[in-house]
Every structure is written in C-alpha cells, then in structure tokens.
Protein chains: 4
Amino acid sequence: MSLLSDLMNTVFARRYSRATEPDRSGRSMQELCDALLGSSGEVSGMILARHILDRYAEMDDADKRAFFGFLTTRLGIDAQAVRDALAAYEAAPTKSTYRAFLTASEARRQELARRLNQVPGATGRLVEMRKDLLRLMRDAPEFGTVDLDFRHLFSSWFNRGFLVLRPINWESPAEILEKIIAYEAVHEIGSWQELRRRVQPADRRCFAFFHPTMPSEPLIFVEVALTRGIASSVQTLLSDKRETIRAEEADTAVFYSISNCQDGLAGISFGNSLIKQVVADLSRELPGLRTFVTLSPIPGLTRWAQEEEGDLRDDTPERQRQRAAYYLLHAKRDDGAPYDPVARFHLGNGALVHAVHAGADMSENGLSQSGGAMVNYLYDLSLITQNHERYASKQTIAASPEVTALAQAARKPSS
Amino acid sequence: MSLLSDLMNTVFARRYSRATEPDRSGRSMQELCDALLGSSGEVSGMILARHILDRYAEMDDADKRAFFGFLTTRLGIDAQAVRDALAAYEAAPTKSTYRAFLTASEARRQELARRLNQVPGATGRLVEMRKDLLRLMRDAPEFGTVDLDFRHLFSSWFNRGFLVLRPINWESPAEILEKIIAYEAVHEIGSWQELRRRVQPADRRCFAFFHPTMPSEPLIFVEVALTRGIASSVQTLLSDKRETIRAEEADTAVFYSISNCQDGLAGISFGNSLIKQVVADLSRELPGLRTFVTLSPIPGLTRWAQEEEGDLRDDTPERQRQRAAYYLLHAKRDDGAPYDPVARFHLGNGALVHAVHAGADMSENGLSQSGGAMVNYLYDLSLITQNHERYASKQTIAASPEVTALAQAARKPSS
Amino acid sequence: MSLLSDLMNTVFARRYSRATEPDRSGRSMQELCDALLGSSGEVSGMILARHILDRYAEMDDADKRAFFGFLTTRLGIDAQAVRDALAAYEAAPTKSTYRAFLTASEARRQELARRLNQVPGATGRLVEMRKDLLRLMRDAPEFGTVDLDFRHLFSSWFNRGFLVLRPINWESPAEILEKIIAYEAVHEIGSWQELRRRVQPADRRCFAFFHPTMPSEPLIFVEVALTRGIASSVQTLLSDKRETIRAEEADTAVFYSISNCQDGLAGISFGNSLIKQVVADLSRELPGLRTFVTLSPIPGLTRWAQEEEGDLRDDTPERQRQRAAYYLLHAKRDDGAPYDPVARFHLGNGALVHAVHAGADMSENGLSQSGGAMVNYLYDLSLITQNHERYASKQTIAASPEVTALAQAARKPSS
Amino acid sequence: MSLLSDLMNTVFARRYSRATEPDRSGRSMQELCDALLGSSGEVSGMILARHILDRYAEMDDADKRAFFGFLTTRLGIDAQAVRDALAAYEAAPTKSTYRAFLTASEARRQELARRLNQVPGATGRLVEMRKDLLRLMRDAPEFGTVDLDFRHLFSSWFNRGFLVLRPINWESPAEILEKIIAYEAVHEIGSWQELRRRVQPADRRCFAFFHPTMPSEPLIFVEVALTRGIASSVQTLLSDKRETIRAEEADTAVFYSISNCQDGLAGISFGNSLIKQVVADLSRELPGLRTFVTLSPIPGLTRWAQEEEGDLRDDTPERQRQRAAYYLLHAKRDDGAPYDPVARFHLGNGALVHAVHAGADMSENGLSQSGGAMVNYLYDLSLITQNHERYASKQTIAASPEVTALAQAARKPSS
C-alpha cells in the first residue's frame, strides 16, 4: 500500500524538524507548561509543546528532578475537587457531572503529556522522558505517581492494536540493525558479521514490534532459529560452523533470545503478544513447523543453588539438570510465584517446562548465572490457555514428564 | 521508508481476518466482557476480544441498546470505591495508593475498550461503535457517560501526533477516492469525472488526515484551489470550463471545502491542525503563495436574516453583502460566541473575516442557507495567535477594514 | 523493498520534467539528430535528446511523415559499407573487424533511438512514436524498415525479464484504473461502477504487465473470474445480480478478457507470458483451483459461416455449437493455420479447444461476430508443451472429445 | 507510488526462485541452446532458459571456455547469408528483404541472450556471465566477438533511461551497504563504522545507479562531501575528528570517490551521467551549493615522473604541485589524449583542472601512485559543453589560471 508508505514517510521526515527558533519570552518551564494547559493551547499549542520538549532535551539531571517535582506536586489531582465532583455525580449522574468528575480525577500531567504528544516525533521523546524518570525515581520515590500516569498513557498509546510486527533481516535498514546489536540483552552480538549470522541465513529469523510514530526504533525483538529437532545448546545454535538448512526442512522454531529495547516502556508488556504473533506467522509461512520452543536462560539458578546446597559447577551434568528442573518447578517466592523471572514470563504466557540442558550456555554470563544450564519452554498452542489458567488460578506449573522426573530425582540424594 | 510500508501492509492485511470460528461457549456478551476484563485476559484476550467485536457487528439496535446499557450501569465507576481510594491516597500519597485511586476512578469500560483494541483493525470498529452510540444516545441520554469515556480514549488514540497528512490525488487508490466522493459534505461531488476535476488538475489539491490503523479511511479532508487572486464564487472555482494554471503561477490557496468523515469521532477536533499543516506544507512546496483563505458557506445567515428583517433574496447584492458582514461580526449566541458555526470554527483558529461575496454559491443549498452569500476567512500566519487570543479571551472578532465598513453600512438604512 | 519504491518514485517524478527551454539554435530536426549521433553526443546528448522528443511532440502528420522519411532514407544502412566490413571480417575475423561490421550492419536510426531513450520517460514517448509510424505506414510502406528497427529495439527493452506482473484492484491508483476502462477491448466497461464489479469482488481478479519506465501504463491485462465450474456465458459471468463466492470456494479460473494496451508495441508479444504467469500465481495463492480456461470470442465465425452456408442466427443453439466447433477445428487459412485469430493465439500457446457455447455473448458485438457463440480454451499445464509442439510442427489442433464430436456432427446434415 | 514498490517486490521475490527440477533429458548445453533458439522456444522457452542458466552456474572454467567457444563459432554470423540477404535488400529494399537482412546480420547469440533474459533475475546472471567472459578472454582473444555482442545488448538494457539514481545512507538495507564496502575502489572502507562516517553525517552523501531488475546491486556509486570551501586533502575530508556541518551551510560539493561495481558491465559508461545527475539533484535540494568539484587521485603521476626526472617524494610540496600540474596538462599518450586515465574521464565529461594539492592523500596507495598529490576537477555547468567540445575536437585541456601557471613554472628549473 503506497498510502501508508507515504503516510509514514511524512511522519519520518518531520521527526527531525524542531522548532526553528527557541522561545524568546524568557518563560520558565513551569510557565510554558501552564501556558500549554491554558486556554490558548489549541492554537499556539504545537509551538509551546515543541519549546517544552526542546527545553527538556537540554536539561541536566538537577533540572529534570525539578521538572518531575513540578509534575508531582503541581500537576497532580486536587483531592477536594475530586470529592466535590464525585458528590455531584452521585447526586445526579448526568453527562455533565460525569464530565466534571473525569476532569477532576485525572492528574493534569496526563493532559500535559497528551498535548506534548501533538508534536510529530514527540512519542519517542516522551518515552525517553520516562526513562529519565525511572532512573531518577530510584532516589525520589515520590515521583512514583508521575510514573503511574505515564504508564497509563503509554498503555493506551502502545496498545497492541497499534503495534506492527515486522521481520528484521539483512535487507533491513542499517539504522535498525545497529539497534538490534545495541539492544540484544541475552546473547551479545559482537559485530556486524555476527549480526549477519543471526538475520541473514535461511534458517534464522528475527522479528520486532514497532510503533508507527517510532519507525526506526524497535520496541522488542525475538530471534528465532529454525532447526531439525529441539536445540539443547546455544553454542551449537550460534556456531559459525553449523550447516545452514533450508527453512522448509525445519520442524522446530527455537526462540533463543527476546530483548526489550525501550527502558522508557518498562512495565508495558509486549513479549506475550510478540511470541504468539510470531508463532502464528511462522506457522502460516512454514507449515512444516511442528514445535515452538524457547531456549532460555535460568538467571536465578546459581544464586538459588548457592543458598540451597553449594555451587552448581561441582555437579555432574545430570545432577545439574536435576537441580535446574527442581529449581524451575519448586523454587518459589513468598507470593507463590516461581523464583525465576524468565520462568514467570513464559509460564504466565501458558508455556510449559519442556526440557533442561546442562552445558548449554558456556559463555561467561551463562556459567555465572546458571552454571551453563538452560531450559526449553514449549509453546503448544493447544495447551496454552489451559496451562495459563491453571498457572494463573492455582500457580500450577506445567512440565513435561521428563522434567517432572528430573525434579523428583533431584531430591533423592538428600532424602 | 520501506519499514513502514511493510509495517502497514501487515496491519492492512490483517484487517480482514476475523476470528475464524465463533465463540462456541454460549456465553452472553456480558459474560464475554467480564471474561475479557478478568484475570485470564492476558492470554486468551485476543480471541475474546474478537468474539466480542464480531458479536457486536451482528447486533441489531435493541441488542446494541442493551449492550450500551450494560456499559453504562455495570462498567462505570463505584463511587464508594473512589472515595475510599481517595481517602487512602490523601492519608499516604504513595505510588501504591495512587495506583489504587487510578484504578478506582476510571470506569472499567475504558479498560474494556483498550483490551478490545488489541485486535488488529479494532480501532475502526470501535469508532463505528461510538457512531452507533451517538445515534442511540439521542433517545437515551444516560449513555452520555459511556460516550465521555469513548471520547477520552479516542483523544489519546487519535492524538495529533499519531495522525498523518497525505495528499489525495488521481494516483490515490480508488477505495480512498470513493470515500472522498461519499464524505464530501460542503459541495457535493456527483461523479468520478467531477472528482477528477477536484484532485487531478495542477491547480487543485486535496489533503486528508489518516490514522495508521485505518489506512483506507480518511478522517477529515480539505479541498484546495490554487488561484491568482482570491476567489469570490464557488461556481467559478469549480467550473469545468475554467482554465487550469500551473501551480507555480498561483499566489493564493483557497480552502473551499472541509469535511469530517467519521461520525464516530465527533468532538475529536482535527480541522484546526489540518488547515495549519496544509498551509505549512503548501508554503514550503510553492513559495509563490502569499495568501491562504477559505471560501466558506454562511450556513446560519438565512435563518438569522428571516428573524431579523425579511428574506435575503430580495436584497441587492450590495445589501446582501452588508447584511452578511453584519451577521458575521455582530450576530451572537447567548454565550457571546458568533451565531454562525463555521465562523466559530475559523475565528477560533485565529482566522479573520476577510471579504464577503454575494451570488457566490448559487446551488440550491447555497441559496437556501445564505441567499448565495459566502465569506473568505483569511489565515494570516503572522496574526493567527493574536487573533485567536483576542477571540478566546474577549470574543473580539478580527475583520478586514472592508468587512468592518460593510457591517457598519448594514445598519445605516435602519438608523 | 523500499529501495525500489524509491527508485521508481524517482523515475516517476522525472517523467514530467521536460527541457525547460527549447533549442534556440534554429537547427532543423535533421540537424539535431545528426548532432545527437555525432561526437559531442556524450556530453550534451541528454539535452539534444529532449529537444528532439519535444520537437517531435509538436509535429503534425506532415512533419512526422518527413521525419520518418528521413529515418528511412538517411539513417538506414549503407550496403557498400556493410559489404566492405563483411569482407574485412571474413578476411580476418577479429574483435576489431567484427566491431566494424556490427557498426556498419546496424541502421543508424537504432543508435538514434537508444540515445533518445537516455531521457527519463523517453521509452513511453518512443512507443507513441511507433504508434504514429504504424498509422502513417499504411500509406507509406517504405517506412517498414524503420518499423523493423523499432521492433528490434523494443524486443530488447520490453524483454519478458523486464516486465512485472501486478494485480489491479480497487486499491489501485485511479489513473491506472481509468486506463483499464479505456483499453478494455473485449467486453466494454461502461462506468466506474462496472469497473468496480470487475476488480473488487473476492471472486474477480485482474492482472497487468508493466514496464518499470512506464509505471502508470499497463502494457496488457487480463480479467479473471473465479467460479465453481466452467462459465458458459459472459452475461452470467458479468451479471450484477450474480452471487459473489469466496475465492477459496472456486475450482476454476476463467480468463474472460485479454486486452493489449499499447498500439506502439504491436507485434511484441506478451499474452502468452501473461496467461502463464497468472496461472502460476493463482495456483500458488489458491490451491483449490483445478481448471484454467478462457471464455473467448470467436471473432471470425459469422463471416466464415456466411461464406459457407448462410446466417448463423437462423441456427438452433445445438446447430450453432456444431458449426462453431467445426469452424474452430477445420476452418484454415491458406498457410494451414486456423482462420480464427483468437484460436491461433491460444492454440499457439498450447491450449486446447475445450467447449463451445451458444448464446454466450448476447451483446451487439457478440451477436454480430459469432451469432452469440463463445468458446473455452483450456490451459492444462500438463498438456501445454505437447499441444504446442504438435500445433507448431503439424498444425494439429487439440480439442476435447466433446468438441471433436460436435465438429463431426456439423457435417452430417450436409452429407 | 505503491505500484512500483509492488512491481519490484515481485521482481525481487522471484529472483531466488530457480527451476525446481533440473533438465532430465540429458541434453547437452549446445542442444539446450539450439532448442531455445528453435521453434518451440516460445512455449517452453522459460524453462529451457532456466536450465541453461542453472547449468552455466555450475560450470567450471573449462566448461565455460567450451561454452564461449560454442557461442563464438556456432552462434555467430554466416557471411554468405549476410551477403545474400544484403543483395536481395539492395535489389528490392522492402520490409521483407530488410527483415531477412536484420536476421542474417545479427549473430544468433544475441537472440540467445535475449531469450535467456526472459527468466526473472536473468539480467544479473548474464552480467556475471560477461564477467567470466572478460576474464577468460585474456587467454582467448577469439571470444572478443562474443563480448561485442554482449556489450551491444547491455548498451540497450542498461540504457541511461532505465537506470535510477538513489541515495545510499544509513537507512539503506544492509545488503546494499555491504556492497558499498566491497566495491569502494578509491579510498578503502575498513569497517561498518567507517562506512557510517561516509553515509550518515548531514554533510556526507552517497548516490548510486541501479537497474530495476537488479535492485540490490549498485552499478556505480559516488561519494560526496559537503564542505565550506574546496577540500585539498582526503585525510581532512575523511578524518573521524572533523566537525560535521549542516548541509545548508555548505557551499561546495566534493566528489571524492567514484566506483564501478559490476565487472560484467565494463565499457558501458555510467559515470558521466551519474555526476551530472547528482550535480542536478544536489543543486535543487541545496541551493546554497555554488561549486562542484572532485578530489581525485592522479594514478599515473609517479610512473610518469620516474620516467621523466626522478622520484616525486624528493620534491618540495610546491615542486610536487608544479610537476603534477605539468603532468596533467602536458603528459600525453601517442594518440594525443592525456596520459592520466582519471584526467581523461573528467576532461571528457567537460570538467576543467581546477587545483592541485601536495600531501593530499598520504595513504600507502596515494603515496605510491602520486607521491600524495591530488587534483580537483571542477564541474562548472556553464562551461561543461564548451570544455567538452574543445577537448573532443582539439584535445584542448581546460585549466584554471593557477594550474596553468603552476605547469609553466614546472619547466623553469630545467630550462
């Protein structure tokens, strides 16, 4: 569709055009924000919004703290006004009283963010703003309310329906590919050559979610290997000596890396949708695919093992697999959820623990976090809903018989 | 950017793929909505959301009324819960109490809409849903609260920053062009030949705003004639015998028709942004353009004139111009705003009343609403902010000396 | 691929930019052509070429005749030079003598055309030039040599490998669609509504070949109906009351109209490739399609029948079918090829005569040319090569048993 | 234009689809070629053509030599047939006799190449074939006639009117960018980081010509630096410490590298068109550009200087400049053309020798070929035609007064 290509070219072209001249009025940031929220906003709003974003871009951390402080204290809700509006609405629940309640109960900083977002390219800049906020919030928990308002808006703006999945490959623009290198969080990509091995061969795929207003910024991406049989080691999977197969020959798709790209979108969850969308798209394209699994790290294993019963590295491979299986199925937080964060993510999505492998990630990071052990989570479309619901309601963890047996064996020595 | 072209192709392709099999569980619409809002939403939410949208699409008005009634009464706010959350927040304004307040103070139907919007193509369907709501609301004012929540969400989703301006011309897809024919609200387009005369010649332009998730649905569009001098009659402007000029020869851009396309987006204002964006884009492309004016109808003139002092049609052209000028500058509503809705729109945007013309729209509609009179509103970028602010604060109407003089002359005969 | 979109946008944008100022040197067309062929061509060639094309565009027929006369007599081959170069090459067949022979044996007008073609957009203008040539050649057979050189070049430029097949549908640009209306040669398209019925429904398709330098000019297009069973009447096929089926339900694709668009490309054959490409593409997209047939006119039937034994319209439908079958299988030209031009085209492609129908095209044109009879030619991929080869070597016409029987029955009454 | 994007996507998608099954008939390459040239070509030609191209792709050099030998001896012209056809044409110069002459005088290998080129993606493969031919021709000069036929066809297929200029930048597909790295022939690009410095900054540009059937293969590209004043050293130009300026601030565009990419297109000249097109496009985009120069190597200087009067490296910078100027203006080949190949290219395009610089390319290669000296050729649009014509007719070399003076000074010491 040329239409959208054109549409988006426009968006793109304008991203870089900023207010050509700065605000000369000598107004403070707070005065600019008040002006933007004020009545003249509709006409001169775009210019004011640019000034505010440009001014923000030049701030140091002290200024930013002051700005977030202003948002926290001055642009929040007025409890008395909410109470009054609520009373009026209860007394007469009409459109007019409800409108007043809506206005009173929403922090004015939400309207500020919406008006800032009129500026082409503003969305990405507001995501950056929240990234700053999350960083500064560590020492200023009172900014938490501002963060919740950002998060509420971003949930609307980055609604699943607005995101678009697209393949990343060797035909992708370099400016996107360099971001894949930069954002890869699981198995580091050291060079363009290594990147090419991840995205160009016929048996490698990469997919990312994008938002229309941030066309060169992936939000989250997943790397996929098409294989015969289930991969049990990331070294083998990523080896530069492996033999490439034709995509049509593969029976399995291995999701071996999922990375979030935007710190400023923390807490806005895309991973679940991404995996399901990729499973659906690959199934359609390659009907020969029968199995969809991850090859995932077990980031909490070492720490847990040390607390439990000594270093994993001393274990035999079999013993390591047993302990990994036990950890995945039985190590829980106080709230009953699995101790392992990656497990929580995939089990929450309805996957099941399919197999565990020793010596599967011999990188420094892999050895350090899990003694080299890794796990396959299986996405079986026919079981996902059931798995998910049992997990959600009773925290039941679905696992293959093999993993269940391994976990049982883990306790035998100590029994 | 190919990226976005691809992105959008995907969106587009999926628009038509609906849930292949209907919900077989026999659940009612309310049960489906409860399920979607419930805890299992995250995993099976997409399927549930499709079912709900498909189910809605098959409803008759009675069913729709029941559905909106459900949204009104069952998915609104719980005043007591709001009060409690507010009290807790006042007592200890932490992130946690604020989160609880945010949840309590937002009607659950907003979350429902966000979850429905996960489905590709859902945005357009929710816009259709609000169109139904606005229609049914005429007899059911209690749905007004639901409407306010829709409007609140749509303000975020259709934020100016997400819209894209694109030219409409003879290379545009037929499926877009037929919508221009259908939605033209000011000067009817009778055939494809007539459409072609509006979009193909070198001295004619058309621009529309689009939203990325609705790529074949214009939201609002404006038709522009590039002329030498300011047009004083729509017949001349649209005549099929006029001589086309090269775009570079024009010194004036005449906005002779602005049409909103989506009833379901009523109250979400785009017109102001559209005109300014088009002025900016045309200025860049054609530096020879000096003047940006509308050629606008005066829809309330006849009615006002009849109330005042008899039929406009009996007036001489000069007298008609005087009365039109007087009407535009002095006929006010009780709240002090101009009586004429088109005047309110352009004056609110910062335009000024530049000239009035008799015999300018001799179509049946034109004669009926204003005795054939029309008006040019001038968008002078150097005056827009000042005009707007005076209008916003003191309801001062900016006008050219000529129009001011005409309005004064209007009263003389009766003095 | 954005690359190509960009590539082509550029081509497109430049199509309309012509030499801004005409050649002021007062040189004649012949002098301009000589200059372009001369040594300074490389540097100022582009400008000269534009001047020549612009000058040509303003010529009347008398001027054009003079120009083609010049090409015929002055820019042909020099027989003596060819003979000399040939002798030198025979004496010593080196690269250098071969180069000299190549130069001598090619008419200089070929090099002229190649240099004219440097100008962006020139290809389409040269196609127009040949259209003029073919028209004027009717009274000037001596231009035939020029035509052969054009045809030789166009065979290279419009080589199958350079053509691209693309679907035409309701999302296609209006400027393309209006050309479909204009060029439809078989079953006239009366309005945009009728066009929409041919390209928008789920069971209708249209495909065209394009050349990259003429992106808004289809070269040839075919209209396809997806049906259950083989259509036996074009009225039924095109009826606006027929029920649309889903594409997946169809078992048959009926090619009911093939139209060449560019008179200037006469003799450069695309139809064979077009049908095969469309058969291949549709088979991939819709695996349920089992049968690919045409529903074709029988343009020579009436004339032949009148010569043979009286008016077709007096026949019973069955008798009409018999005579049509006989005509298709047995009416031959002196060179042994079928009398019917459409039959020659499809049989030459390897199709077979599958069925004949009476009352199948009751339009004025259909009644006039064949008494309303039509024919299905079947493209059976497993038989195409064999059919073609038998036809090419022995002029054997492949036909279904049913049609063979009908043709035999045709002779019985007169025996 | 979506149309072309689609068009080209199709081309692209098919590039990789080859004949799924090889020719099982056991026919030799020569038999396959004969079959393709034979009468059944039209129907089964596409399949035969694929077989031939696939068979060729698997050949070793011995096979290829045999194949080119076959083209040389078996698919050339038949002198007697040419003579006969010529005689018939002279006797009666009709369309029919001319057609016979055209057929006889063209080597059948040209028709073979055209038929091979029917296969999507064949064009690039035929370019590769000529690359092989040129390599093997070094030991087999008799293949020269085949080469001339290839070159004749490629001149038509790669006619300037079919090429498209497009910018190469950091948004370009990685598969294109890696070819820029690979093909850069003047100033080597060592890494992706270095590439990025050449294409991403606001004051750097790169443009390439592409052919629609080879969308990911640049044919030739030029690298441009936008500067204030004329650059006199490539080190400064490419320094990673230089300060980037905004494109609008530049008054000069420096063409510092031009590289041909396709060995198989040797002798098909694009460079002249490329420079002129880029000058035209940049002038339009950046009206502030006043000067268009190259910063070019002087590849023959060292060798010439050694023959003349000893090593350049012993010279003072000033002396080096004098000798370089002298060399450029006065060192000639026997045919009177400049000794320096880069000088021949730019002077032939109508440029003039504007300035010479010592110490301008201190890379190993730069020192070795010219003692570090470089030259600016100036493209002054108002002088290009005149410069070119004087150069073409009288071999007059245009130079600035400064360079002329330097060249004169060069001789003084030795007088």
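Quick notes on the rules
- Sequence order as written defines residue numbering, which begins from 1 separately in each chain.
- Each chain is given a letter, starting from A, and each ligand a number, starting from 1, according to the order in which they appear as written.
- Confidence filtering applies because this is a predicted model: local features only for residues at pLDDT of at least 70, side-chain atom pairs given and counted only at 80 or more, and all residues used for totals across whole chains, interfaces and linings.
- The basis for every side-chain value is the complete set of non-hydrogen atoms in the structure, without hydrogens or water.
- Strands are runs of DSSP state E lasting at least 2 residues, helices are runs of H or I lasting at least 4, and numbering of each runs from the N terminus.
- The contact criterion used is simple: two residues touch if any of their non-hydrogen atoms lie within 4.5 Å.
- Shrake-Rupley sampling with a 1.4 Å probe provides the accessible areas, and residues are treated as covered by the protein chains on show and by no other component.
- For this count, His and the chain ends are skipped, Lys and Arg are scored as positive, and Asp and Glu as negative.
- By convention, the point assigned to a charge is CZ for Arg, NZ for Lys, CD for Glu and CG for Asp.
- In this scheme, a helix's expected span is set at 1.5 Å multiplied by one less than its residue total.
- Throughout, exposure labels follow a simple rule: accessible area from a 1.4 Å probe, protein chains only, divided by the maximum for the residue type, with under 20% read as buried, over 50% as exposed, and the rest as partly exposed.
- Helix axes are fitted to C-alpha atoms over the stretch in contact, other axes to C-alpha atoms as well, and angles between N-to-C directions run from 0 to 180 degrees.
- For classification purposes, angles smaller than 35 degrees are called roughly parallel, those larger than 145 roughly antiparallel, those between 65 and 115 roughly perpendicular, and all remaining angles oblique.
- Three classes are used: nonpolar for Ala, Val, Leu, Ile, Met, Phe, Trp, Tyr, Cys and Pro, charged for Asp, Glu, Lys and Arg, and polar for all others, with Gly counted as polar.
- Domain start and end points were adopted from an automatic or database domain assignment.
- Note on convention: near helix rotated counterclockwise from far helix by under a right angle means a left-handed crossing. Clockwise means right-handed.
- Strand pairing follows a simple DSSP-based rule, namely that at least 2 bridges must link the two strands.

### Here we look at the overall build of chain A
Looking only at helices and strands, one finds 19 helices and eight strands in chain A. On the principal axes, the C-alpha backbone points of chain A span a range of 70 × 50 × 40 Å. Restricting to contacts in chain A with at least 6 residues of sequence separation, those with at least 24 account for 73%. Here chain A displays about 16,600 Å² of accessible surface, and carbon together with sulfur accounts for 49% of that area. Positive and negative side-chain charges in chain A, numbering 50 and 54 respectively, have mean positions lying 3 Å apart.

### Structural notes on helix α9 (residues 144-157) of chain D
One full turn of an α-helix is made of 3.6 residues, so residues set three or four places apart face in the same direction. Residue and element names in this part refer to chain D. Along its 14 residues, α9 runs 20 Å from first to last C-alpha, staying within 8% of the 20 Å computed at 1.5 Å per residue. Across the 14 residues that make up α9, a large majority, 12, are buried. Residues of α9 that are buried include every one of Gly 144, Thr 145, Val 146, Asp 147, Leu 148, Asp 149, Phe 150, His 152, Leu 153, Phe 154, Ser 156 and Trp 157, and no others.

### Focus on the packing of helix α15 (residues 317-330) of chain B against helix α19 (residues 401-411) of chain B
Residues and elements named next belong to chain B. The geometry of α15 relative to α19 is characterised by a closest axis approach of 7 Å and an angle of 105° between their N-to-C directions. Taken together, the axis directions place α15 and α19 in an arrangement best described as roughly perpendicular. Touching Glu 318, Arg 319, Arg 321, Gln 322, Arg 323, Ala 325, Tyr 326, Leu 329 and His 330 of α15 are Glu 402, Val 403, Thr 404, Leu 406, Ala 407, Ala 409, Ala 410 and Arg 411, all from α19. When its residues are assigned to classes, the contact of α15 with α19 shows eight nonpolar, three polar and six charged.

### Looking at the side chain of D:Asp132
In this structure, D:Asp132 sits in helix α8 (residues 122-137). Apart from residues no more than four positions distant in its own chain, D:Asp132 is found in contact with D:Tyr56, D:Lys64 and D:Phe68.

### Topic: the domain arrangement of chain A
Examined at the domain level, chain A breaks down into domain 1 (12-157), domain 2 (161-294) and domain 3 (301-409). The distance between the C-alpha centroids of domain 1 of chain A and domain 3 of chain A comes to 43 Å.

### Concerning the packing of α8(D) against α9(D)
Residue and element names in this part refer to chain D. Closest axis-to-axis distance for the α8/α9 pair is 10 Å, and the angle between their directions is 150°. Judged by the angle between their axes, α8 and α9 are roughly antiparallel. Here α8 and α9 pass one another in a crossing that is left-handed. Contacts between α8 and α9 involve Thr 123, Leu 126, Val 127, Met 129, Arg 130, Leu 133, Leu 134 and Met 137 on the former and, on the latter, Gly 144, Val 146, Asp 147, Phe 150, Arg 151, Phe 154 and Trp 157. Within the contact of α8 with α9, the residues separate by chemical class into 10 nonpolar, two polar and three charged.

### Description of the environment of C:Arg197
Residue and element names in this part refer to chain C. Considering the arrangement of structural elements, one finds Arg 197 in helix α11 (residues 192-199). A sequence separation of 41 residues divides Arg 197 from Leu 238, and the C-alpha atoms of the two residues are 8.0 Å apart. For Arg 197, the contacting residues outside a window of four places in its chain are Arg 204, Leu 238, Asp 240 and Arg 242.

### Remarks on the pairing of strand β3 (residues 220-227) of chain A
All names here are of chain A. The buried count for β3 comes to eight of eight residues, which makes it a mostly enclosed element. On β3, burial covers both faces: Ile 220, Val 222, Val 224 and Leu 226 on one face and Phe 221, Glu 223, Ala 225 and Thr 227 on the other are all buried. In the sheet, strand β2 (residues 204-210) pairs with β3 via six bridges, with the strands oriented antiparallel. Residue pairing across strands places Cys 206 opposite Glu 223, the latter belonging to β3.

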